[in-house]
Amino acid sequence: MSQKPRRTFTDEQKAEAVRIVGQSGKPVSQVAQEMGLTESALRKWVKQAQIDCSGAPQGSWKYTFTHRLSFG
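In what follows, the accompanying structure is described.

### What about the overall build of the chain?
Each helix and strand counted, the chain has four helices and zero strands in total. Scanning the chain from its N terminus toward the C terminus, one meets helices and strands in the order α-α-α-α. Looking at the chain as a whole, 24% of its 72 residues qualify as buried. The long-range fraction of contacts in the chain, counting pairs at least 24 apart against all pairs at least 6 apart in sequence, stands at 42%. Surface summary for the chain: the accessible area is close to 5,400 Å², and the carbon and sulfur share equals 51%.

### Observations regarding the environment of lysine 47
Structurally, lysine 47 is set in helix H3 (residues 39-52). Judged by relative accessible area, which is 53%, lysine 47 ranks as exposed. Between the C-alpha atom of lysine 47 and that of valine 18, which follows or precedes it by 29 residues, the distance is 9.4 Å.

### Things to note about the packing of aromatic side chains
How two aromatic rings sit relative to each other is set out by the distance from centre to centre and by the angle between their planes. Scanning the entire structure with this criterion turns up one aromatic pair. With 5.3 Å between their ring centres and 70 degrees between their planes, phenylalanine 9 and tryptophan 45 make a pair best called edge-to-face. Of this pair, phenylalanine 9 sits in the segment before helix H1 (11-24) while tryptophan 45 sits in helix H3; the two residues are 36 residues apart in sequence, bridging distant segments of the chain. Here tryptophan 45 falls in the buried class, since its relative accessible area comes to 11%.

### Re the packing of H1 against H3
Contact geometry of H1 with H3 gives a least axis separation of 10 Å together with a crossing angle of 85 degrees. By the criterion of interaxial angle, the relationship of H1 to H3 is roughly perpendicular. Taking contact as the criterion, the partners of Lys14, Ala17, Val18 and Val21 in H1 are, on H3, Leu42, Trp45, Val46 and Ala49.

Criteria and cut-off values
Residues numbered from 1 in each chain as written. Predicted model: local features only at pLDDT ≥ 70, side-chain atom pairs only at ≥ 80, totals over all residues. Heavy atoms only, no water. Helix = DSSP H or I, 4+ residues; strand = E, 2+ residues; numbered from the N terminus. Buried < 20%, exposed > 50% of the residue type's maximum accessible area, 1.4 Å probe, protein only. Contact = heavy atoms within 4.5 Å. Areas by Shrake-Rupley, 256 points an atom, 1.4 Å probe, with all protein chains shown as cover. Phe/Tyr/Trp six-rings, centres within 6.5 Å; stacked < 30°, edge-to-face > 60°. Axes fitted to C-alpha atoms, helices over the stretch in contact; angles between N-to-C directions. Parallel < 35°, antiparallel > 145°, perpendicular 65-115°, else oblique.

Read these as layout, nothing more, since geometry by itself doesn't imply function.
So, in structure tokens, the structure goes:
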């Protein structure tokens, strides 16, 4: 049995998924299912966004992460 090829995602795709989690209020599992992602991948992206923006004011990590990916 062969494995499925590993999918790759751009920073913009990751940022969009993280933004949806932050703005929709939906659980990560639901957003992952709706976007055809694995829940573990999306959780990792959200966690990384929180780490990357840990110095930002509370609650602003979603915007900062998306903005950072968009503008380098």
